[in-house]
Amino acid sequence: MSASTTDVVCKLARGYTEKTPRRLKVIDTYMVFCVLVGIVQFAYCALVSTFPYNAFLAGFGSAVACFVFAANLRIKTNPKNTSQFSGSSEGAFAEFVLCHIILHFIVANFLG
C-alpha cells in the first residue's frame, strides 16, 4: 500500500475509534461475526460437501438475516439518526430480539 492509502486507513480507524459510541462498536463486532459465520459456512459448502443442503440454506440464511437485523438495530440506535426514527433504543433492541426469536423458529422448522 502506498503512503497515502496507509494515511487514509489510519485516519479512518482513528476517527472510528474516537467518534463511534461503544454501543455501536458492539453491534459492529456482531455484524463482523455474522459475516464470518456466513463465509465459513459458504466455504465449507463449496469445499467439502453440500450433503444436508437444507442445513446449509438454513445456516447461511440465518447468518444473512442476523446481519440485516443488526444493521437495522445499528441504524435505529445511532445517535445521529434520532431525527429520522421515532422510539427509543430499547424499543429497537426489543424489535431486534423479537425478529431473532421468529427467525430461529423458522430456521428450526426448516431444518426439520
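Placed above this text is the structure.
Here goes a summary of the coordinates provided. In this text the structure is predicted, and so the values were computed from the model without any measurement. (Residues numbered from 1 in each chain as written. Predicted model: local features only at pLDDT ≥ 70, side-chain atom pairs only at ≥ 80, totals over all residues. Heavy atoms only, no water.)

Description of the nonpolar core
Stated formally: Buried residues of nine kinds, namely Ala, Val, Leu, Ile, Met, Phe, Trp, Tyr and Cys, make up a nonpolar core once their side-chain atoms join them within 4.5 Å. We call a residue buried when its accessible area falls under 20% of the maximum for its residue type, exposed when it is over 50%, and partly exposed in between, using a 1.4 Å probe and counting protein chains only. In this text, helices come from DSSP runs of H or I with a minimum length of four residues, and strands from runs of E with a minimum of two, each type numbered from the N-terminal end. Contacts are assigned to residue pairs with any non-hydrogen atoms lying within 4.5 Å of each other.
Ranked by size, the top nonpolar core spans eight residues in total: L24, I27, M31, A70, A71, L73, A92 and F96. Elements supplying a minimum of two residues to this core: α2 (22-47), α3 (53-77) and α4 (89-111). Residue contacts for L24: discarding those within four places in its chain leaves Y16, R74, T77, N78 and P79. Within the second largest apolar cluster, six residues are counted, among which are C34, A65, L103 and V107.

As for the pattern of salt bridges
Inclusion rule: A pairing counts as a salt bridge when a side-chain nitrogen of Lys or Arg comes within 4 Å of a carboxyl oxygen of Asp or Glu.
Per the counting criterion, the structure on display carries two salt bridges. Put simply, R74 and D28 hold a salt bridge, and the shortest N to O gap is 2.4 Å. Within this pair, whereas R74 is found in helix α3, its partner D28 is found in helix α2, the two being separated by 46 residues in sequence. Residue classification places R74 among the partly exposed residues on the basis of a relative accessible area of 21%. According to the relative accessible area criterion, D28 is buried, its value standing at 14%. Between E95 and K76 there is a salt bridge, and its shortest N-O distance comes to 2.7 Å. Taken together, the residues span a long stretch of sequence, with E95 in helix α4 and K76 in helix α3 at a distance of 19 residues.

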